[in-house]
Every structure is written in C-alpha cells, then in structure tokens.
Amino acid sequence: MDMQPDKFNSESPVAPSNPNTSADDSSPSVQYAKMRIISSPVFQLRDIIRALLTSVPPSCDLISTFLTYGQSLGASTIHGYLVDRCYDTQTLINDEFSSYQGVALCITYDAQLSEQQWEDVFGIHESTSTISKTASSFFHLTDFLCILSGSRVVYYDPNERMTNDERAYVSIFDLENDDIEMFQDQFSPLDYFLLKSKTFYNGTLIRLPLRQTSVTQIASHIQTLDDIKQQILRYFFSHESFIESLLNQTNINTIEFDYTKDFQNFTQFLTIDKHILTTIHDAQSTTQLIHMTLSKQFDEIKTSDVSRWLLSIYNDYNETDKRDIQLKLLLPLSPFSSSPETYILSSWARNYQSIQITSSRILYYCIIPSLNTFCKDDMCTQLRQIQFPKAYALFLKDLSRLIKPATTTSNLSIDLIWELMPDIDEHQRLLNDNQKYSLLQPQQQFLKIINNLIPDMWAEIGKQELFYSVTDGWGYVAIEDMIINNVQSGPIQDVLTFVFSEANAPIVILPPHVINGLCKYSNKHYLQVMTPFHASELLSKNASILSRLTYEQKLSLLTYILLNDPDPGLVLELQLLPLANKQFATFQKKSSSDIYILDYGTNYLKLFNDRHYEKFLSPFIDKKLYEILSSQNFQVSASRAPFERGNDECLQRVLHE
C-alpha cells in the first residue's frame, strides 16, 4: 500500500518490506500508531489476475462464495445489506481510497474468525490456487475489500500491484488498541455494525464497495446495487442453488438481504429460513427432515414459498486412501414451486451429483473429499467405493424411524419408503423404453448406473432392521425373523394380519417389488413369506382365534387358503366350512352329518325350510371357492336325498371330509 505524504509525517519511516517486521510502534512520529502493513501471503496477485483474464465466472459465484465462507466460519446466519449511501472522504488511510466510500454490498455472519482462520488467511505462508480462485469472485464486483471480525479490521487493496509478481498488501487494525481517530471517515461505514462499543463486532463483516469507474486495472465491468439484487434473486430462484446450499452449507439456517440508505429504514427483499423438524442419529448416519421457507419481494410484490427435504449424512473410513469420508444424500420431498428444477445456471460448476433412484425421484449426493479423487473409475465403481449402497440403506433405515412410530412433526407416509426402494421390474421397463425410444445419452447412463447398483442396494437393505412389524410389541425386526404378509391390500390381508398378530407372529406387510428385491438379492438364506400352509398351521395350533372372527373374516380366511392351495388337508379340523345358515361347520374326515351341495344354487335352496339350511353348503360364497369345495377332493356321492320332496338328481354331491 502506498503511503501518502499528506496523511503521514514525511520523516516517518515506511513500513518495511520484510513481512516479519513492522514500523516502530513506540515512535511518536508515526501517527497511525499500531496499524500493521504486511504482505498478504494468500492472495498471489498474478494468480488472481490470471484467473480473471482467462475466465469470467458467472455472477452466482459471488453469492456461492459468500455461502461457502459462512459454512467455513461455522455461521448459522448470513445477513446481506445493499447500502445505497456515500461517506465522507476527508480522513482516509489513503487518498485513493475515496472511490471506495460509496455504495456497497455488506455481508455479515454471526461467527467470528478464529485465531487459526486469521492465520490461514493473513498469516505468513505460501499462496494457494484455491484461495486465489475464490478471491477472484469478489473482484468482478469491486476493487477493494474490507473485513471486520471481532476487534480486527482488514483493508485489502490489490489495485496498485496487479501488473507484477509482488504480493498484494493488507492493512490490519486492532480496534481495541490502535488509535483510529484520525481515520474516522475510513471507518465510518462500519459504525452501524460496531454500535456503541466502537471497538468490537460480534461476528464477521465483508464490505465490498461497488466499482465506480471502468478505468481500473483489475476489471472494467461496473455493477449497480440493482444488478446485485437481481443476481441474488436469480440465484435463489434456481432449484440447484438450494441443493448446493443444503449439501454444502449445512450450518447455515437463515439468509437475509436488505436494502437501506441510512441503516434506519430497511427494505427486506429476500429471506430464507431453514428449520430441522426432526433428526435421527445412527452409528454411521444422521438423517434430518428439513423445512425451508423462502420469502421474496420483487417489483413490490411479496411472495412466500415452502419446501421439505430429507438430508442424510453417512460417515465412513476409506481403507484404500486411509482417510475419513463423508457422503451426503439429499432427497427433495416437495421443492419450492417457484424454483424450476431445470438447471438454468448451466455454466455453474456443481459440487454434487445426481442419480435417478426411481422414475419420479432424483437423489442428489456429494462426497467429501471430492469424488474427483476417484475419477479414473467408472461411475458404478465410484459409487461402490464410497459405500453408496450402504449409505442409501442406512438412509432408508433412518427414514423408517421418522415414520414408525408416527410422529407429529414428520407427516410422512410409509409409502415413501416403499417408493424409494428400487423396483427391479420398473427399472427394467425404463431400460427397455430407453432402448426402444432412443433417449438421450445421459439418461441412458443414469439408468444403467442404478440398474447395475440394484443388487448391491438390496443386499445392504437386507442387512438393516428397517421393517416395522404390525404385531404389537415387536417393533423393527430383522428379515430372517419376520413373516411377510404379501397379500394385496384388502379384507384378506387384514384378517391374515389379525390372525398372525393374535398368535404373536412378527408380521410385516410389504409391497410386491420389495419382496421381489429381498428374495432375489438379499444375502439371507430364507425369507418367511406368508403362505396358506403358515395360516393353516397357525390356526391348528390356535383354534380359539377363529371364535373371535366375524363371518366375513372367516370366509376371507378360507378363500385365501383354498384359492392359493386347494389342498383339503390345509382346512382339516378347522371350523371354516360355510353353511347356508351363515354358520360354519368343521372339516372332518368322518363327518357327523352330511352337508349337501346344490347344483341349482340359491333358487333351489328356497324349496327348503330355513331350519334345514344347516345341511347345505352356502351358495352365496365366491364362485371359485364354491367350485373348489364342490370338487371331487371335497365330496362323495349321496345314497339318498335328505328330504322326501327333494330331487336325487339335484342333490348329487355331499362333502366328505
């Protein structure tokens, strides 16, 4: 930084070029007292300028950088101000700084820079290209940086030394110990944030005065406050900006932007509030249900929108690279209606990937360290290497805990879990349609990836106790213990669930595609899927259960057993034989009485008195069931008619069990 003679005693020594030394603080001729002027080791100007000249990043990089800084600081709140105000320029550190006293963008965080972070940013060490690229985002907007954190203030002006290999210089003030009275105008833009103390800010502020002239050595583009406002609104209009924020800025819960002219009246044009409704912690994973509210004011019209997301964080140790890894999975439940899911910011280098889990669900994920470290392998190998199938299975397990037992905050349905479990047949249909209609290459790739991963995913799902038994007292059960009720939803499923639950069997109700996936790819040798034999065996051992069933329930139970396996042995000694008087007789080897079958059905039954209905098989039951009970396996010929007025030809068959 150049020393201006009108601001400093002409005999006072200039700050030494050695970064490890400073001006003599005790010297009375040095009016700026303890202000330090040191070389900045992080921002190597040639790196910054090279980045500026070779590529112009999209405007969203600036906002993304602010969010990333907030995450690095550990901040939970970011508050931005578009300050439409100019300040006096009489008492500045450098006369050339007068152009930086105008309108500015101020970004505040509710966290201070730690001592280590001060050292990392302004300490004496070699520059890094990563920091340089990040810094370049600011200089599409400004030629000057001011950072306030705690009691320290930094002014950074790279403009004078952009054409050579020298490092930029920063001036650092300690507000609690340094005399800054003679530079009152220089510090006046910070008054609102320093409040009464004038020496301390409980947080971090980055002030970026907007470029006032195109005649500058860093960049020529001039942006207004309205330009910045439109950039902010466009950034948070994109669906992917929220994905980026939820995956990579997990600490940040509140984002606000205001316009002000005097720091007394504020016009708020954007607010984002993130609330974690509930969290499930597991040994290796943590899953959160997140609610977000987006409020915007555009052309004096205020709008509000809400969205819900599931975020799961999986932690593991990579044995190959000998380091910890963190895999984050993000599932939109109900995205913002005003945010299109198409990637309108096409030039934005995203820090996450996506995968089509089902025909209607896209899962977003990112890996720390970056997935680029595995770039030599194909995508399936990468996903296996970062334990994606296991992480996804644990995510489903956590999700099952959010849903069962039901909580007032989750408001989720068990159907969501079934939907997220990969459907083998569905993906095969999608692949076939893909080949038939020649879909785009990226779609083909995504379909092939998930199709190749399905066996791994189901193998991991089978290891987790994520299936909840409908039988009271069992809760979550391992797949080798549960009995799967695979009957289609309806009366038969209900009665089977009741019967098995009454016998304290761990019943789990699963849809067909889940049963198919477990049976095909689970590493368990045996899955107990409910069968007519199971039902028959259970009823034989718990005959008293039948007495607690209604007529319709008994009939549903009989229908399930015999329509799936018409073996008379399955109903032997069970009181499930439906009679015309709506009672049930017991299936026996040697019947104590004859039960007749009517060829002419209900019309012929009317010829008999009601009191004789106990002699006839009910003609009101399911037609297929009636045909099974009328088959040769269940009857013998009658030697005579039961009533003298009966017709022997019409009463041909009698049950014989």
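Think of each chain on its own: its residues are numbered from 1, step by step along the sequence as written. Totals for whole chains, interfaces and linings use every residue, but because this is a predicted model, local features are given only for residues with pLDDT of at least 70 and side-chain atom pairs only at 80 or more, for both listing and counting. Side-chain figures throughout are based on the complete set of non-hydrogen atoms in the structure, without hydrogens or water.

- The name given to the chain in an unreviewed UniProt entry is Sacsin/Nov domain-containing protein, with Adineta ricciae as the source organism.

### Observations regarding helix α14 (residues 491-502)
No. 1: Secondary structure follows DSSP: runs of H or I at least 4 residues long count as helices, runs of E at least 2 residues long count as strands, and numbering of each begins at the N terminus. Each helix should span, by expectation, one fewer than its residue count multiplied by 1.5 Å. Under the 1.5 Å per step criterion, the end-to-end length of α14 is 16 Å for 12 residues, consistent within 8% with the ideal 16 Å.
No. 2: Inspection of α14 places Gln493, Val495, Leu496, Thr497, Val499 and Phe500 among the buried residues, and these make up the whole buried set.
No. 3: Where α14 is buried, its residues contact β17 (483-485), β18 (507-509), α16 (532-541) and α17 (551-564).
No. 4: Just past α14, the residue Asn504 takes up positive phi, approximately 60°. Burial here depends on accessible area, computed with a 1.4 Å probe over protein chains only, as a share of the maximum for the residue type. Under 20% is buried, over 50% is exposed, and the range in between is partly exposed. Contact criterion: two residues are considered in contact whenever any of their non-hydrogen atoms come within 4.5 Å of each other.

### Re the side chain of Asp423
No. 1: Turning to its location among the elements, Asp423 is positioned in the loop between α11 (414-420) and α12 (424-437).
No. 2: Neither His nor the chain ends contribute to the count of charged residues, in which Lys and Arg are positive and Asp and Glu negative. Salt-bridge detection follows one rule: a side-chain nitrogen of Lys or Arg within 4 Å of a carboxyl oxygen of Asp or Glu. Buried charge without a salt bridge: Asp423, with Arg429 as the nearest opposite-charge side chain at an N-O distance of 4.9 Å.
No. 3: Here a polar contact means two N or O atoms within 3.5 Å. Within protein one must be a hydrogen donor candidate and the other an acceptor candidate, and residues neighboring in sequence count only if both atoms are side-chain atoms. A distance of 3.1 Å separates a polar atom in the side chain of Asp423 from the backbone nitrogen of Asp425.

### Description of the packing of α14 against α16
No. 1: Axis lines are fitted through C-alpha atoms, for helices just across the contact stretch, and the angle between N-to-C directions can take any value from 0 to 180 degrees. Contact pair α14 / α16: the axes reach a minimum separation of 10 Å and the direction vectors enclose 45°. With respect to α16, the axis of α14 lies oblique. Note that α14 runs across α16; the crossing there is left-handed. For the pair formed by α14 and α16, the contact residues are Leu496, Val499 and Phe500 on the first element and His534, Ala535, Leu538 and Leu539 on the second.
No. 2: Looking at side-chain class alone, the contact of α14 with α16 contains six nonpolar, one polar and no charged residues. Throughout, the term roughly parallel applies to angles under 35 degrees, roughly antiparallel to angles over 145, roughly perpendicular to angles from 65 to 115, and oblique to all others. Crossings are sorted by hand: turned counterclockwise from the far helix by less than a right angle, the near helix makes the crossing left-handed, and turned clockwise it makes it right-handed. Gly is placed with the polar residues, together with every amino acid not listed as nonpolar (Ala, Val, Leu, Ile, Met, Phe, Trp, Tyr, Cys and Pro) or charged (Asp, Glu, Lys and Arg).

### Quick notes on the pattern of salt bridges
No. 1: Under the definition given, this model contains eight salt bridges.
No. 2: For Arg152, the salt bridge goes to Glu115, with nearest N and O atoms at 3.1 Å. Linking Arg152 in strand β5 (residues 152-156) with Glu115 in helix α3 (residues 115-122), this pair joins segments that are 37 residues apart in sequence.
No. 3: The partly exposed category is assigned to Arg152, whose relative accessible area is 26%.
No. 4: Judged by relative accessible area, Glu115 falls into the exposed class, the value being 55%.

### Description of the sheet that holds β18
No. 1: The three strands are arranged β18-β17-β19 in an open sheet whose pairing can be described as parallel. The outermost strands of the open sheet, each flanked by one partner alone, are β18 and β19 (528-529).
No. 2: Note: two strands are recorded as paired if DSSP finds a minimum of 2 bridges between them. Strand direction decides the pairing type here: β17 and β18, joined by three bridges, are parallel. Pairing of Ile484 across the sheet is with Val508, part of β18.
No. 3: Lying on the sheet, α14 is in contact with β17 and β18; it crosses β18 at an angle near 155°.

### Points about the pairing of strand β2 (residues 77-83)
No. 1: Of all seven residues in β2, six are buried, a share of seventy percent or more.
No. 2: Two strands pair when backbone bridges link them, and β2 and strand β8 (residues 254-260) are joined in this way by seven bridges, in the parallel orientation. Directly across from Thr77, in β8, lies its bridge partner Thr254.
No. 3: Here six bridges tie β2 to strand β3 (residues 104-109), and the two strands are oriented antiparallel to one another. Counted as the bridge partner of Leu82 is Leu105 from β3.

### Re empty space enclosed by the protein
No. 1: Using only the protein atoms, space was sampled on a 1 Å grid; points where a 1.4 Å probe fits but cannot get out form cavities, open sets with protein on both sides within 12 Å along at least five of seven lines form pockets, and lining residues are those with an atom within 4 Å of a point. Grid points are joined across faces, edges and corners, and a volume is the space filled by probe spheres set on the points. Scanning the model with the defined rule gives four cavities of 30 Å³ or more in all.
No. 2: The volume enclosed by the largest cavity comes to roughly 60 Å³.
No. 3: Considering the residues around the largest cavity, the lining is formed by Ser245, Leu246, Gln249, Ile252, Asn253, Thr254, Ile255, Ile272, Lys274 and Met292.
No. 4: Mapped by element, the contributors of at least two residues to the lining of the largest cavity are α8 (239-248), β8 and β9 (266-281).
No. 5: Partitioning the lining of the largest cavity into residue classes produces five nonpolar, four polar and one charged.

### A short note on the packing of aromatic side chains
The geometry of an aromatic ring pair is captured by two quantities: the separation of the ring centres and the angle between the planes.
No. 1: Any two rings among Phe, Tyr and Trp, with Trp reduced to its six-membered ring, count as a pair given centres within 6.5 Å; such a pair is stacked if its planes are under 30 degrees apart, edge-to-face if over 60, and tilted if neither. As enumerated under the stated definition, the model contains 30 aromatic pairs in all.
No. 2: Between Tyr192 and Phe193, the ring centres sit 5.3 Å apart and the planes meet at 80°, which makes this aromatic pair edge-to-face.
No. 3: On the numbers, 5.9 Å between centres and 55° between planes, the contact of Tyr365 with Phe388 is tilted. Here the residue Tyr365 occupies a position in strand β14 (residues 362-368), and Phe388 occupies one in helix α10 (residues 388-403), the gap between them amounting to 23 residues.
No. 4: What makes Tyr365 buried here is its relative accessible area of 2%.
No. 5: Through a chain of ring-to-ring contacts, three or more aromatic side chains come together here, namely Phe97, Tyr100, Phe144, Tyr155, Phe173, Phe183 and Phe187.
No. 6: Of note, Arg401 hangs over the ring of Tyr476, and the distance from its end group to the ring centre comes to 3.5 Å. Either the NZ atom of lysine or the CZ atom of arginine qualifies as a charge over a ring when it sits within 6 Å of the ring centre and within 35 degrees of the ring normal.

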